[in-house]
Amino acid sequence: MSYVDGFVLAVPKANKEAYRKMAAMAWPLFKEFGALRHMEAWADDVPDGKVTDFRRAVQAKDDETVVFSWIEYPSKEVRDAANKKIMTDPRMKEWGEQMPFDGKRMIYGGFAPILDEKK
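Computed from a predicted model, the values in this text were never measured in an experiment.

Applying the stated criterion across every chain yields a total of 10 salt bridges. A salt bridge links Glu32 to Arg91, with the shortest nitrogen-to-oxygen separation between them at 3.2 Å. Taken together, the residues span a long stretch of sequence, with Glu32 in helix H1 (residues 16–32) and Arg91 in helix H4 (residues 90–96) at a distance of 59 residues. On the basis of relative accessible area, Arg91 is assigned to the partly exposed category, the value being 34%. Linking Asp53 and Arg56 is a salt bridge whose minimum nitrogen-to-oxygen distance equals 3.2 Å. Through salt bridges that share partners, Asp5, Lys76, Arg79 and Asp80 make up one connected network.

The pairing of strands in a sheet happens through backbone hydrogen bonds and is either parallel or antiparallel. One open sheet holds the four strands; their spatial order is S2-S3-S1-S4, and the pairing between them is antiparallel. Every other strand in the sheet has two partners, leaving strand S2 (37–42) and strand S4 (107–111) as the edge strands with one partner each. For this sheet, the mean angle separating the axes of adjacent strands, direction not counted, is 15 degrees. In the packing of H1 onto the sheet, contacts are made with strand S1 (3–12), S2 and strand S3 (64–73), and the angle to S2 comes to roughly 170 degrees. Along the sheet, helix H3 (residues 76–88) makes contact with S1, S3 and S4, crossing S3 at roughly 120 degrees.

Thresholds applied
- Residues numbered from 1 in each chain as written.
- Predicted model: local features only at pLDDT ≥ 70, side-chain atom pairs only at ≥ 80, totals over all residues.
- Heavy atoms only, no water.
- Salt bridge = Lys/Arg side-chain N within 4 Å of Asp/Glu carboxyl O.
- Helix = DSSP H or I, 4+ residues; strand = E, 2+ residues; numbered from the N terminus.
- Buried < 20%, exposed > 50% of the residue type's maximum accessible area, 1.4 Å probe, protein only.
- Pairing = 2+ DSSP bridges.
- Axes fitted to C-alpha atoms, helices over the stretch in contact; angles between N-to-C directions.
- Contact = heavy atoms within 4.5 Å.

Written as structure tokens, this is what we have:
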């Protein structure tokens, strides 16, 4: 079964197009190192929770929205190798200096699927 890196982050609403462009530029790099799929989703129906919620999880400010993102790999081993390559790739270093969001508030992690249903 595949392996998924998941991300939740706050992006200034004014930076939506800059964020989309950055994500689109990153996809060929992820793909080159073995990723199968890359999804970026801009918050559309994200309610405030009573105890916690997506906005509070990333300390989103009033002028920010939440992005939910994931990258799918064929295995954890491919993902681990890809992450090592990506973090040392000069293209990533260049993009890292121009991120249109505060990476310190990004939540991320690797996930092993336990169910994968498709239409």
